[in-house]
Amino acid sequence: MQETYLEINIDKIRNNILKIKKISENSKFCAVVKANAYGLGSDVICREIEDIVDYFAVARLSEALLLRRAGIIKPILILGYVGLDDIEKCSRNDIDISIYDFGLAQEINKLGYKIRGHVVLDTGHGRIGFREDEISQIKKLKDLKNIDIISAFSHFATADEEDNSFTIKQEEIFDRIIDQVKDDFAFEFVHLANSAATIRQKIFKGMNRVGISLYGLYPSIVVKDNTEIELEKIFKLYTYVHFVKEIEAGTPISYGRTFVSDKPMKVASVAIGYADGYNRLFSNKGQVYIKGKACKVLGRVCMDQMMVDVSGLDVKIGEKVEIYRDIDRDADLIGTISYELMTNISMRVKRIYIKNGEVIEARDYLGELNES
């Protein structure tokens, strides 16, 4: 079946993890697999890496429950908000939660369910968490008998940038807060470093939380140029040519006639569009690869298709097309980051998992829904 698909290489993600673990052998390793493992398929990936990681981190309860249903037994932390009506599910399924507001923590405690919590500290990211002037609030958490505070963590704001000064400041604030509350809690470990802080600054606490670099991408060019770790991109996105035509000068292409040829050209229509996650901002900008050659997107990206310039190429219907060969370059082209391009790949796109050179699983989300 020739449909758009993602190819995910399990051997490469395992190698990336082992390379990162080697530089911090005394720290636990938390694989950040929120947003369906950045769009690649969290249940399959977690199953294949569970033996070499210590923790998984997600953003939503539904993501954590998916992993439990898939048979994952390692600890799972929800990094964001969990509503009071879902606390019982967290307790029953052995899922850790983030504690970042005393009033909310009191309400959780009143429910009576035993649960593990990680205290979130806002050291400068400005998202959620207790700030340095709220030490007394943090200390009061020890009186909440149904919440077992096992850890504390924070998140860096600029660890992937050239200037390290704010990252250093955040670590100093984190260490000061921990030093003031550590005698009030039996922390099993604390965690601070994301991918950038782990592989570039080598800021190691009790656990490292690694997201984008699991998947073989660097958080920024600064990080890529300032680490000895050679990551391998673990995924490839493919689609197919489904029509080829010769056009004359003056021929408009796609909606709005935003591209009109100024010379005779050969144009291929390919089976991917913004409903698959290929951003409409790539209209007249993006490029894909056919037979190893870069082919420019012509006109506006449609919902299910787009047209590309294949002049000079011997291209036929059924030819394979590679999308995001250099995903960082593509992201920069439309003013975004690789994370967004990855997580925007839609559920319509099939996922194919490769291990030891063989397909071990094929995930067709829409097909599974239709069959259920």
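All figures in this text were calculated on a predicted structure; none of them were measured in a lab.

Draft legend 1. Broad picture of the packing of helix α1 (residues 10-22) against helix α3 (residues 42-49). Two elements in contact, α1 and α3, have axes whose closest approach is 10 Å; the angle formed by their N-to-C orientations is 55 degrees. One finds that α1 runs oblique with respect to α3. The handedness of the crossing between α1 and α3 comes out as right-handed. Where α1 approaches α3, its residues Ile-10, Ile-13, Arg-14 and Ile-17 are matched on the opposing element by Ile-45, Glu-48 and Ile-49. When grouped by side-chain class, the residues that make up the contact of α1 with α3 number five nonpolar, no polar and two charged.

Draft legend 2. Quick look at the UniProt feature "modified residue: N6-(pyridoxal phosphate)lysine" (unreviewed entry) in the protein. The UniProt record annotates "modified residue: N6-(pyridoxal phosphate)lysine" (unreviewed entry) at Lys-34. Relative to the elements of secondary structure, Lys-34 occurs in helix α2 (residues 34-38). With near-sequence residues (within four places) excluded, Lys-34 lies in contact with Ala-57, Val-58, Ala-59 and Glu-63.

Draft legend 3. Region of the structure containing α3. Counting buried positions along α3 gives seven out of eight residues, so the element sits mostly inside the fold. Of the positions making up α3, those classed as buried are Ser-42, Asp-43, Val-44, Ile-45, Cys-46, Glu-48 and Ile-49.

Draft legend 4. Fine view of the state of the cysteines. Overall, the coordinates contain zero disulfides when judged by the stated rule. Cys-302 supplies the cysteine sulfur nearest to Cys-295, a cysteine that is in no disulfide, at a spacing of 17 Å. A relative accessible area of 0% places Cys-295 in the buried class. The class of Cys-302 is buried, set by a relative accessible area of 14%.

Basis of the calculations
- Residue indices begin from 1 for each chain and proceed along its sequence in written order.
- Owing to the predicted nature of the model, reporting of local features is limited to residues with pLDDT of at least 70; listing and counting of side-chain atom pairs is limited to 80 or more, with chain, interface and lining totals taken over all residues.
- Computation of side-chain values covers all heavy atoms of the structure but excludes hydrogens and water.
- Fitted lines through C-alpha atoms serve as axes, helices being fitted only where they are in contact, and the angles separating the N-to-C directions of these axes extend from 0 to 180 degrees.
- Numbering of helices and strands starts at the N terminus; helices are DSSP runs of H or I of at least 4 residues and strands are runs of E of at least 2.
- For this classification, under 35 degrees means roughly parallel, over 145 means roughly antiparallel, 65 to 115 means roughly perpendicular, and everything else is oblique.
- Note on convention: the crossing is left-handed when the near helix lies turned anticlockwise from the far helix by less than a right angle, right-handed when the turn is clockwise.
- Only heavy atoms matter for contacts: two residues are in contact if any of them lie within 4.5 Å across the pair.
- Amino acid classes used here: Ala, Val, Leu, Ile, Met, Phe, Trp, Tyr, Cys and Pro are nonpolar; Asp, Glu, Lys and Arg are charged; the rest, including Gly, are polar.
- UniProt positions are given in the numbering used here, feature names are shortened, and annotations may be inferred rather than shown by experiment.
- For every residue, the accessible area obtained with a 1.4 Å probe (protein chains only) is divided by the maximum for its type, and the residue is called buried under 20%, exposed over 50%, and partly exposed between those limits.
- The disulfide criterion is simple: two cysteine sulfur atoms within 2.5 Å.

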